[in-house]
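Report on the structure
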Amino acid sequence: MPLAKNDIVTLEITALTNEGNGVGHYTDGCSDGRGMAVFVPLTAVGDVVSCRILKVLKSYAYGKIEEIVTPSADRIQSGCPAYAKCGGCCFRHISYEAELRAKEGFVRDAFGRIGGLSPELLPIRGSEHTEGYRNKLQMPVAKQDGKTVCGFFSERSHRVIPTEKCALQPELFAEITRFVTEQADKLHISVYSEEKHEGVLRHIFLRRGHYSGEVCLCLVARRRVPEFDRLAKSAAERFPEITGVVLNINRERTNVILGEEEKVLYGRAEISDTMCGVRVEISPKSFYQVNTPAAEALYRQAAEFAQPEGKTLLDLYCGAGTIGLSMAKSAKRVIGAEIVPQAVENARSNAERNGIKNAEFICADAGQAAKRLEQTGEKPDVILLDPPRKGCDEATLTACAAMSPERIVMISCNPATAARDCKRLSELGYSVQRVRPFDLFPRTSHVECVAQLKKSV
C-alpha cells in the first residue's frame, strides 16, 4: 500500500546521503522490488528503525525515528546535548571510521554519477582531531527569556539554539562567547531582531591562529553604540589571547553575516598564524581553512599534484594567498587572484613578510582575472582552482583551458560541483587523473577533495 503522512513503518537503513540522512526503502506493495526511498535523519547504515513518515513526494519520502529496533554496529553516543537540534554535526552518532567510509563514497559517487568520470580515487585522509578543531566561529545572537544567548540556527530555520559549548570549537571560544553575552546584558546592548529589523548586536565572530594562539573577536552589529568600546576593553583584559576586537557594521536586512564597514576597537584586526611553513596574517573577511592541520595535509597533496618546481603557477580564488605562497619557494612565479580586497592586501603583505619576491596578487573575480590573463597572453604552467561551494563559472573554466596549462589542480569543498566542473574541463581538453578526498570538517556532512587534471595529448 502507498505511504501516507504519519504512517509508521519499519525500515533497514542501507545508505547515507551527503546531507547526512540515512536511506531506507519501503517495499510494501512496490512492483519494482526496490521500493520508495525514505530519508531519515540521525540514522546509521545497518540500523533497523521504526519510522514515522513526515512527508511523501512522488518518488521518495521523509521520516523521523520513532524507535531504534536494532542499532547499527557503527552507532555511538553523540556526546552533545544540542546535537539533535542544531543540525550542524549530522554524523556524531556514528564512528569516525564509518563517517570516513561514507564521505569517500560521496566523492566517488559524485565523480561517477555527476561527472561521468572514473579517475583513480586515492584513500580519504581523515583529520587528526575530530573535536575542538575549528579556528573560526560565527554565532548568531538572540534574546531568550530576557537573556542574551548565542548558538546556532536550528536546521532549516532562523531559530537560535543556545549552545554554551560546541564540541567542534576550542574551549576558549565557549569562554569568550559566554563572556560577551553576559557583558551585553550588563551593558544593556540590545540584540538584533530579524523580524523587526531592530536592535544592535547580530553575531559573535571569532578567529584563532592554530599555532600562534592569537584571537580576533569580531562583533557584528547593526550600528555602533558607545558600550561596544567598553565591551572590547573588558574582553581584552579578561582574555590575553585576544589581540584585536573589531566592530563590523551590517545595517542591511540580509542573511549575509558581515557588512562592508569595519572599525577596530582594540589592538589590530588581523591575526598571525603559520600555514605550511608560511607566516600569514588573516583579516576577518579573508578566507582561511578552519582546520589548520588538515588543511596543511590537503595543501601538501595539492602541491604533489601540481608539481610546481620551476613552473609559473596561477592561483585563482587565492584568499590570503596561503596555498600559492606555500608553493612559491619551488615555483618560478606565482600569480594569485581574489575578489575580496582585504584578502588581496593580506596576500601581498604575507608574501612580503615571508621574503617571497616571485608572487603577485590581483584583486578581481576569478573569471575576470583568468580572462584578462588569457588576453594578455599569460601562459601559466599550472592553474590552481579553489572555488567556493558553488564551483567555477563557465568564463573561468573556458579561460583556464584557453591558457593551455600542463596541469590544473582543483581543490573543492563540494564534490558535486567539483565533478561538474571537472566534466566541463574534460570537454575542454583535460583528463582527470587522480582525486583524493580530505575530511576537514569531522562530524559534519562536508568533505573536501583535490583533483589532478592533465592536458590531453
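Data block above holds the structure.
The structure contained in this document is the topic of the report that follows. (Residues numbered from 1 in each chain as written. Predicted model: local features only at pLDDT ≥ 70, side-chain atom pairs only at ≥ 80, totals over all residues. Heavy atoms only, no water.)

Let's shift gears to the overall build of the protein. From N to C terminus, the protein includes 10 helices and 22 strands. Its C-alpha radius of gyration of 24 Å places the protein within 12% of the 23 Å reference for a compact globule of 457 residues. Expressed as lengths along the three principal axes of its C-alpha atoms, the size of the protein is roughly 70 × 70 × 35 Å. The long-range share in the protein, meaning contacts at least 24 apart out of those at least 6 apart in sequence, stands at 63%. A total of about 20,200 Å² of accessible surface is found on the protein, and carbon and sulfur atoms cover 48% of it. With 61 positive and 58 negative side-chain charges, the protein shows a spacing of 2 Å between the two charge centroids. (Helix = DSSP H or I, 4+ residues; strand = E, 2+ residues; numbered from the N terminus. Rg over C-alpha atoms; globule rule 2.2 N^0.38 Å. Contact = heavy atoms within 4.5 Å. Areas by Shrake-Rupley, 256 points an atom, 1.4 Å probe, with all protein chains shown as cover. Lys, Arg positive; Asp, Glu negative; His and termini not counted. Charge placed at Lys NZ, Arg CZ, Asp CG, Glu CD.)

To continue, consider the nonpolar core. Of all hydrophobic cores here, the largest spans 87 residues; its most connected members are Ile-176, Leu-217, Leu-219 and Phe-228. Residue contacts for Leu-219: discarding those within four places in its chain leaves Val-180, Leu-201, His-203, Phe-228, Leu-231, Val-245, Val-246, Leu-247 and Asn-248. By size, the runner-up hydrophobic cluster in this structure holds 38 residues, among which are Ala-418, Leu-425, Val-447 and Cys-449. (Core = buried A, V, L, I, M, F, W, Y, C linked by side-chain atoms within 4.5 Å. Buried < 20%, exposed > 50% of the residue type's maximum accessible area, 1.4 Å probe, protein only.)

Turning next to the pattern of salt bridges. In this structure the tally under the stated criterion is 24 salt bridges. In this structure, Asp-47 and Arg-75 form a salt bridge, with 2.5 Å as the shortest nitrogen-oxygen distance. Of this pair, Asp-47 sits in the loop between strand E3 (36–40) and strand E4 (48–56) while Arg-75 sits in the loop between strand E5 (60–70) and helix H1 (83–86), and the two are 28 residues apart along the sequence. Under the relative-accessibility criterion, Asp-47 is labelled buried at 0%. Among the charged side chains, a network of salt bridges with common partners joins Glu-99, Lys-103, Asp-439 and Arg-443. (Salt bridge = Lys/Arg side-chain N within 4 Å of Asp/Glu carboxyl O.)

Our next topic: a nonpolar patch on the surface. On the surface, Leu-54, Leu-57 and Tyr-62 cluster together into a nonpolar patch covering about 230 Å² of accessible area. Topologically, Tyr-62 is positioned in strand E5. Residue Tyr-62 is classed as partly exposed on the basis of its relative accessible area of 32%. (Patch = residues over 30% accessible without salt bridge, like charges linked within 9 Å, V, L, I, M, F, W, Y side chains within 5 Å.)

Strand order around the closed barrel formed by five strands is E1-E2-E3-E5-E4, with mixed pairing between neighbours. Between one strand axis and the next, the sheet turns by 50° as a mean value, whatever way the strands run. Where E3 lies against E5, three bridges are found, and the strand directions are parallel. Each bridged residue has a counterpart across the sheet, and for Ala-37 the counterpart in E5 is Tyr-60. (Pairing = 2+ DSSP bridges. Axes fitted to C-alpha atoms, helices over the stretch in contact; angles between N-to-C directions.)

Between helix H2 (residues 96–114) and helix H10 (residues 415–427), whose axes approach to 8 Å, the crossing angle comes to 40°. For the pair H2 and H10, the crossing hand works out as right-handed. From H2, Val-107, Ala-110, Phe-111 and Ile-114 reach across to H10, where they touch Pro-415, Ala-416, Ala-418, Ala-419, Arg-420, Cys-422 and Lys-423. The residue inventory of the contact of H2 with H10, partitioned by class, reads nine nonpolar, no polar and two charged. (Left-handed = near helix turned anticlockwise from the far one by under 90°. Nonpolar A, V, L, I, M, F, W, Y, C, P; charged D, E, K, R; others polar.)

Restricting attention to buried positions, one finds in helix H8 (residues 366–375) the residues Ala-366, Gly-367, Ala-369, Ala-370 and Leu-373. The buried residues of H8 all sit within an arc of 165° when viewed along its axis, so they share a single face. Of the exposed residues in H8, the ones pointing more than 90 degrees away from its buried face are Gln-368 and Gln-375. Looking at the residues trailing H8, positive phi occurs at Gly-377, about 85°. (Arc of directions from axis to C-beta.)

Located in the positive-phi region is Gln-307, a residue other than glycine, with phi close to 50°. Judged by relative accessible area, which is 33%, Gln-307 ranks as partly exposed. In this structure, Tyr-317 takes a positive phi of about 60° despite not being glycine. Within the secondary structure, Tyr-317 sits in the loop between strand E16 (312–316) and helix H6 (322–328). Judged by its relative accessible area of 17%, Tyr-317 falls in the buried class.

What follows covers H2. With 19 residues, H2 ought to run about 27 Å at 1.5 Å a step, and its terminal C-alpha atoms sit 26 Å apart, in line with that. At its buried positions, H2 is contacted by strand E1 (8–16), strand E6 (120–121), H10, strand E21 (430–438) and strand E22 (448–455). (Expected span 1.5 Å × (residues − 1).)

So, about the state of the cysteines. Simply put, disulfide is the name for a covalent bond between the sulfur atoms of two cysteines. For the coordinates displayed, the defined rule picks out zero disulfides. Here Cys-449 is not cross-linked by a disulfide; its sulfur's nearest cysteine counterpart is in Cys-422, at 7.4 Å. (Disulfide = S-S within 2.5 Å.)

Note on placement: Ser-127 falls in the loop between E6 and strand E7 (136–144). In this structure the side chain of Ser-127 is engaged in a polar contact, spanning 2.6 Å, whose partner is the backbone oxygen of His-129. For Ser-127, the residues in contact, after removing those within four places along its chain, are Tyr-96, Asn-291, Ala-294, Asp-439 and Pro-442. (Polar contact = N/O pair within 3.5 Å; in protein donor to acceptor, adjacent residues only side chain to side chain.)

Tallied over the entire structure, the rule returns five aromatic pairs. Judged by centre distance (5.7 Å) and plane angle (70°), the rings of Phe-39 and Tyr-60 are edge-to-face. Taken together, the residues Phe-39 in strand E3 and Tyr-60 in strand E5 connect sequence positions 21 residues apart. Judged by its relative accessible area of 19%, Phe-39 falls in the buried class. Measuring from centroid to centroid gives 5.8 Å for Tyr-60 and Tyr-62, while their planes differ by 85°, and the two rings are edge-to-face. (Phe/Tyr/Trp six-rings, centres within 6.5 Å; stacked < 30°, edge-to-face > 60°.)

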